[in-house]
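# Fold and geometry: a report
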Amino acid sequence: MKEGVTMSCFIVPVAEAVVTTIVTKVIENKEKKQDAEKLEQGIRVSSFDKERFSNKLRRLNYLLWGGAGLLAFEHLWHGEIQPFFPFLTAVSNPADTAEMLNEISTVGVSMAVLVTASWGIATYVTTRIENRKESLISAVEMKGAN
Amino acid sequence: MTLLLTILAAVITTVIWYCNEKARQLKVGTLCYMFWGASMMWLVDAIFEYTKLRAEYFTPAAEDMLNDTFLGVSVITLALVIWVLILLVKDPLNVVKQALRKN
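Residues numbered from 1 in each chain as written. Chains lettered and ligands numbered in written order. Predicted model: local features only at pLDDT ≥ 70, side-chain atom pairs only at ≥ 80, totals over all residues.

Helices and strands together make up the secondary structure of chain A, namely three helices and zero strands. Start at the N end of chain A and walk to the C end: the helices and strands fall as α-α-α. (Helix = DSSP H or I, 4+ residues; strand = E, 2+ residues; numbered from the N terminus.)

Bring the parts together and some accessible area is lost; that lost area is often taken as the interface size. Between chain A and chain B, the residue contacts involve 23 residues of the former and 18 residues of the latter. Secondary structure elements with two or more residues in the side of chain A that touches chain B: helix 2 (53–77) and helix 3 (94–145) of chain A. Considering every element that reaches the side of chain A that touches chain B, the biggest residue donor is helix 2 of chain A, with 11 residues. Residues belonging to the side of chain A that touches chain B are distributed by class as follows: 14 nonpolar, seven polar and two charged. (Contact = placed C-beta atoms within 7 Å. Nonpolar A, V, L, I, M, F, W, Y, C, P; charged D, E, K, R; others polar.)

Residue and element names in this part refer to chain B. Averaged over all residues, the pLDDT of chain B equals 93, while 100% of them reach at least 70. Helix 1 (residues 2–19) holds the highest mean pLDDT among the elements of chain B, 95, whereas helix 5 (residues 95–102) holds the lowest, 88. With pTM at 0.86, the complex prediction returns an ipTM value of 0.89. (pLDDT = per-residue confidence, 0-100.)

Turning our attention to helix 4 (residues 62–90) of chain B. Relative to the 42 Å expected for 29 residues at 1.5 Å per residue, helix 4 of chain B spans 42 Å between its end C-alpha atoms, a close match to the ideal helical length. All of the buried residues in helix 4 of chain B are G72, V75, I76, A79 and W83 of chain B. Where helix 4 of chain B is buried, its residues contact helix 2 of chain A together with helix 1 and helix 3 (28–53) of chain B. Count one or two residues on from helix 4 of chain B and you reach D91 of chain B, which has phi positive near 45 degrees. (Expected span 1.5 Å × (residues − 1). Buried ≥ 20, exposed ≤ 12 C-beta atoms within 10 Å, placed from the backbone.)

As structure tokens, this is what we get:
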């Protein structure tokens, strides 16, 4: 086994990806329902409206699934995971299991936090830009009306 | 080396995605997400490894470096294969659909 800190750290991003994927689906369904209600009330639902939160969340899914997928390949490369039960080679030895759990709780959590924080910052910045654009458009529209 | 190669791949795909409309249609963005996600995760891994090994981290054995390079190239190849599969399944330019209709 490779000397270092990569045993099963990808498990945390995978677990987060599963949760965020489910949350994305739930939010997407809610947004669709809301759009249908808006259409029934005669409110315009156009492509110029703000980007949906489910779309933003989907980016986090791609980052987590993509990153964790490639990381899983690295673990397979180093013989740390196997395609049959118990899947993680470290599980067969108690000392390795303890080390693996320690790495999951430190490296794995840090990975998930860094990816989520980067996505959060990017989403915050893009939302700010979006809001600024929207306020500029409404200001121009108000000027035109006067 | 794996981290360096992945970051390099992430930067190149991002530049291609930014500059080329056709690339955006061909879902190069998916590749960007894969490479950036993996780069961030390997960066964390590298930081933890650095805290353990300190300066030794920057002087790997030639054999380890070769293995890491081989791994990095394999990771990039795997990501490209996944991207091509996504491209064929989603078929944004309807090329596969048209080819199937002809047959």
